[in-house]
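Topology and contacts: notes
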Amino acid sequence: MMIAPVQLDVCAAYLISTLQVTTSPLRIAGTVASFALFLTVTGHIAARNVLGDVPIRNAFIIGAVPALVAILVTTFNLNSFIGLAVAVILDWAVIRTLYEQSSSMSAYITFIHFVVSIILAAVLYAVLALIGSFPG
(Lines give C-alpha, C1' and ligand atoms only; values in the text may rest on other atoms or scores of the structure.)
Protein backbone atom coordinates (compact mmCIF):
# COMPACT_ATOMS: atom_id res chain seq x y z
CA MET A 1 0.00 0.00 0.00
CA MET A 2 2.92 2.38 0.54
CA ILE A 3 4.19 1.98 -3.01
CA ALA A 4 1.40 4.00 -4.67
CA PRO A 5 1.90 7.23 -2.65
CA VAL A 6 5.66 7.11 -3.23
CA GLN A 7 5.18 6.71 -6.98
CA LEU A 8 2.71 9.58 -7.05
CA ASP A 9 5.18 11.76 -5.15
CA VAL A 10 7.92 10.93 -7.66
CA CYS A 11 5.59 11.72 -10.59
CA ALA A 12 4.47 14.97 -8.98
CA ALA A 13 8.07 15.99 -8.29
CA TYR A 14 9.03 15.25 -11.90
CA LEU A 15 6.07 17.26 -13.22
CA ILE A 16 6.85 20.22 -10.97
CA SER A 17 10.55 20.18 -11.87
CA THR A 18 9.67 19.94 -15.57
CA LEU A 19 7.34 22.91 -15.42
CA GLN A 20 9.74 25.17 -13.53
CA VAL A 21 11.13 27.75 -15.90
CA THR A 22 13.82 30.35 -15.51
CA THR A 23 12.32 32.91 -17.86
CA SER A 24 9.28 35.11 -17.45
CA PRO A 25 5.85 33.85 -18.46
CA LEU A 26 5.42 36.93 -20.64
CA ARG A 27 8.39 35.90 -22.79
CA ILE A 28 7.03 32.38 -23.12
CA ALA A 29 3.60 33.71 -24.11
CA GLY A 30 5.23 36.02 -26.65
CA THR A 31 7.17 33.14 -28.17
CA VAL A 32 4.06 30.97 -28.42
CA ALA A 33 2.04 33.82 -29.89
CA SER A 34 4.66 34.72 -32.48
CA PHE A 35 5.07 31.06 -33.50
CA ALA A 36 1.28 30.67 -33.73
CA LEU A 37 1.07 33.85 -35.82
CA PHE A 38 3.80 32.56 -38.15
CA LEU A 39 1.93 29.27 -38.58
CA THR A 40 -1.31 31.19 -39.10
CA VAL A 41 0.22 33.13 -41.98
CA THR A 42 1.68 30.01 -43.59
CA GLY A 43 -1.56 28.09 -43.07
CA HIS A 44 -3.55 30.84 -44.74
CA ILE A 45 -1.09 30.97 -47.64
CA ALA A 46 -1.39 27.20 -48.10
CA ALA A 47 -5.20 27.16 -47.93
CA ARG A 48 -5.50 30.15 -50.22
CA ASN A 49 -3.18 28.66 -52.83
CA VAL A 50 -5.13 25.41 -52.91
CA LEU A 51 -8.72 26.48 -52.26
CA GLY A 52 -8.81 30.05 -53.49
CA ASP A 53 -10.52 32.70 -51.38
CA VAL A 54 -10.85 31.42 -47.80
CA PRO A 55 -11.65 33.27 -44.56
CA ILE A 56 -8.63 34.27 -42.47
CA ARG A 57 -10.35 33.32 -39.19
CA ASN A 58 -9.84 29.63 -39.95
CA ALA A 59 -6.10 30.16 -40.23
CA PHE A 60 -5.88 31.37 -36.63
CA ILE A 61 -7.01 27.95 -35.41
CA ILE A 62 -4.73 26.19 -37.89
CA GLY A 63 -1.75 28.16 -36.61
CA ALA A 64 -2.50 27.66 -32.92
CA VAL A 65 -2.71 23.87 -32.93
CA PRO A 66 0.85 23.02 -34.11
CA ALA A 67 2.23 25.83 -31.94
CA LEU A 68 0.62 24.32 -28.85
CA VAL A 69 1.92 20.87 -29.78
CA ALA A 70 5.44 22.31 -30.14
CA ILE A 71 5.22 23.96 -26.73
CA LEU A 72 3.99 20.75 -25.07
CA VAL A 73 6.72 18.68 -26.74
CA THR A 74 9.38 21.16 -25.64
CA THR A 75 8.02 21.53 -22.11
CA PHE A 76 7.87 17.82 -21.40
CA ASN A 77 11.07 16.89 -23.28
CA LEU A 78 9.29 14.52 -25.64
CA ASN A 79 10.74 13.08 -28.83
CA SER A 80 10.76 15.77 -31.55
CA PHE A 81 9.81 13.35 -34.32
CA ILE A 82 6.76 12.19 -32.41
CA GLY A 83 5.84 15.82 -31.78
CA LEU A 84 6.22 16.63 -35.47
CA ALA A 85 4.03 13.68 -36.44
CA VAL A 86 1.36 14.67 -33.91
CA ALA A 87 1.46 18.29 -35.11
CA VAL A 88 1.07 17.27 -38.77
CA ILE A 89 -1.78 14.87 -37.97
CA LEU A 90 -3.61 17.47 -35.87
CA ASP A 91 -2.96 20.08 -38.57
CA TRP A 92 -4.55 17.73 -41.11
CA ALA A 93 -7.54 17.11 -38.81
CA VAL A 94 -8.11 20.82 -38.18
CA ILE A 95 -7.81 21.65 -41.89
CA ARG A 96 -10.25 18.87 -42.76
CA THR A 97 -12.74 20.05 -40.16
CA LEU A 98 -12.53 23.80 -40.82
CA TYR A 99 -12.49 23.74 -44.61
CA GLU A 100 -14.77 20.69 -44.95
CA GLN A 101 -12.55 18.99 -47.52
CA SER A 102 -11.89 15.35 -48.34
CA SER A 103 -9.04 13.48 -46.66
CA SER A 104 -6.80 13.68 -49.70
CA MET A 105 -7.42 17.39 -50.27
CA SER A 106 -6.78 18.06 -46.57
CA ALA A 107 -3.54 16.08 -46.79
CA TYR A 108 -2.52 18.18 -49.81
CA ILE A 109 -3.24 21.44 -47.97
CA THR A 110 -1.33 20.13 -44.94
CA PHE A 111 1.64 19.24 -47.15
CA ILE A 112 1.61 22.71 -48.71
CA HIS A 113 1.37 24.25 -45.21
CA PHE A 114 4.40 22.21 -44.13
CA VAL A 115 6.44 23.19 -47.21
CA VAL A 116 5.51 26.89 -47.03
CA SER A 117 6.41 26.96 -43.33
CA ILE A 118 9.84 25.47 -43.98
CA ILE A 119 10.56 27.79 -46.91
CA LEU A 120 9.41 30.94 -45.12
CA ALA A 121 11.30 29.99 -41.95
CA ALA A 122 14.49 29.41 -43.95
CA VAL A 123 14.14 32.78 -45.69
CA LEU A 124 13.48 34.61 -42.41
CA TYR A 125 16.43 32.87 -40.76
CA ALA A 126 18.70 33.79 -43.66
CA VAL A 127 17.60 37.43 -43.52
CA LEU A 128 18.18 37.59 -39.77
CA ALA A 129 21.58 35.92 -40.14
CA LEU A 130 22.49 38.43 -42.84
CA ILE A 131 21.42 41.36 -40.66
CA GLY A 132 23.35 39.89 -37.74
CA SER A 133 26.51 39.68 -39.82
CA PHE A 134 26.57 43.36 -40.73
CA PRO A 135 29.81 45.00 -39.59
CA GLY A 136 29.74 47.51 -36.78
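Look up: the structure comes first, before these words.
So, here's what we can say about the structure. (Residues numbered from 1 in each chain as written. Predicted model: local features only at pLDDT ≥ 70, side-chain atom pairs only at ≥ 80, totals over all residues. Heavy atoms only, no water.)

Remarks on the overall build of the chain
Where we set the bar: Here a strand is any run of E in DSSP of at least two residues, a helix any run of H or I of at least four, and the numbering for each starts at the N terminus. Any pair of residues with heavy atoms lying within 4.5 Å of one another is described as a contacting pair. The Shrake-Rupley method, run with a 1.4 Å probe sphere, supplies the accessible areas, and residue values consider only the shown protein chains as cover.
Along the backbone of the chain there are 5 helices and 0 strands. Along the chain, helices (α) and strands (β) appear in the sequence α-α-α-α-α when read from the amino end. Pairs at least 24 residues apart make up 64% of the contacts formed inside the chain by residues separated by at least 6 positions. As presented, the chain carries roughly 9,400 Å² of accessible surface, and 74% of it is formed by carbon and sulfur atoms.

Some points on the layout of surface pockets
To be explicit about the condition: We place a 1 Å grid over just the protein atoms. Points where a 1.4 Å probe fits but has no way out form a cavity, open points with protein on both sides within 12 Å along at least 5 of 7 lines form a pocket, and any residue with an atom within 4 Å of a point lines it. Grid points are joined across faces, edges and corners, and a volume is the space filled by probe spheres set on the points. Any residue that is not Ala, Val, Leu, Ile, Met, Phe, Trp, Tyr, Cys, Pro, Asp, Glu, Lys or Arg is counted as polar, Gly included; the first ten are nonpolar and the last four charged.
Roughly 420 Å³ of internal volume is contained in the largest pocket. Around the largest pocket sit 20 residues that line it, and Phe35, Leu39, Pro66, Leu84 and Ala87 are the ones nearest its centre. Among the secondary structure elements, those contributing two or more residues to the lining of the largest pocket are helix H2 (25-51), helix H3 (57-75), helix H4 (80-99) and helix H5 (103-132). Here the lining of the largest pocket is composed, by residue class, of 13 nonpolar, 6 polar and 1 charged.

Some details on the packing of H2 against H5
When two helices pack together, you describe them by how their axes are tilted relative to each other and by the distance separating the axes. Keep this limit in mind: Between N-to-C directions, angles span 0 to 180 degrees; the directions come from axes that are lines fitted to C-alpha atoms, helices contributing only their stretch in contact. Should an angle lie under 35 degrees it is considered roughly parallel, over 145 roughly antiparallel, and from 65 to 115 roughly perpendicular; all remaining angles are considered oblique. The sense of a crossing depends on the near helix, which, turned anticlockwise from the far helix by less than a right angle, makes the crossing left-handed and, turned clockwise, makes it right-handed.
Two elements in contact, H2 and H5, have axes whose closest approach is 8 Å; the angle formed by their N-to-C orientations is 130°. In terms of axis orientation, H2 runs oblique to H5. Judged by the sense of rotation from one axis to the other, the crossing of H2 with H5 is right-handed. Taken together, the residues of H5 that come into contact with H2 (itself represented by Phe38, Leu39, Thr42, Gly43, Ile45, Ala46, Ala47, Val50 and Leu51) are Met105, Tyr108, Ile109, Ile112, His113, Val116, Ser117, Leu120, Ala121 and Leu124.

Considering the side chain of His113
Quick note on the threshold: With a 1.4 Å probe rolled over the protein chains alone, any residue whose accessible area is under 20% of its type maximum counts as buried; one over 50% counts as exposed, and the rest are partly exposed. Whenever a nitrogen or oxygen atom comes within 3.5 Å of another N or O atom, the pair is scored as a polar contact, on the condition that within protein one atom can donate a hydrogen and the other can accept it, and that pairs from neighbouring residues in sequence are kept only if both atoms are in side chains.
Among the secondary structure elements, His113 is positioned in helix H5. We classify His113 as buried; its relative accessible area is 2%. A distance of 3.0 Å separates the side chain of His113 from the side chain of Thr42, its partner in a polar contact.

Regarding the environment of Gly63
For Gly63, the location among the structural elements is in helix H3. With 26 residues separating them along the chain, Gly63 and Leu37 place their C-alpha atoms 6.4 Å apart. Residues in contact with Gly63, not counting those within four places in the same chain, are Ala36, Leu39 and Thr40.

Comments concerning unusual backbone geometry
Not every positive phi belongs to a glycine, and Asn77 is a case in point at roughly 55°. Here Asn77 shows up in the loop between H3 and H4. On the basis of relative accessibility, which here comes to 70%, the residue Asn77 falls in the exposed class. Phi angles above zero are rare outside glycine, and Glu100 is one such case at about 50°. Within the secondary structure, Glu100 is located in the loop between H4 and H5.

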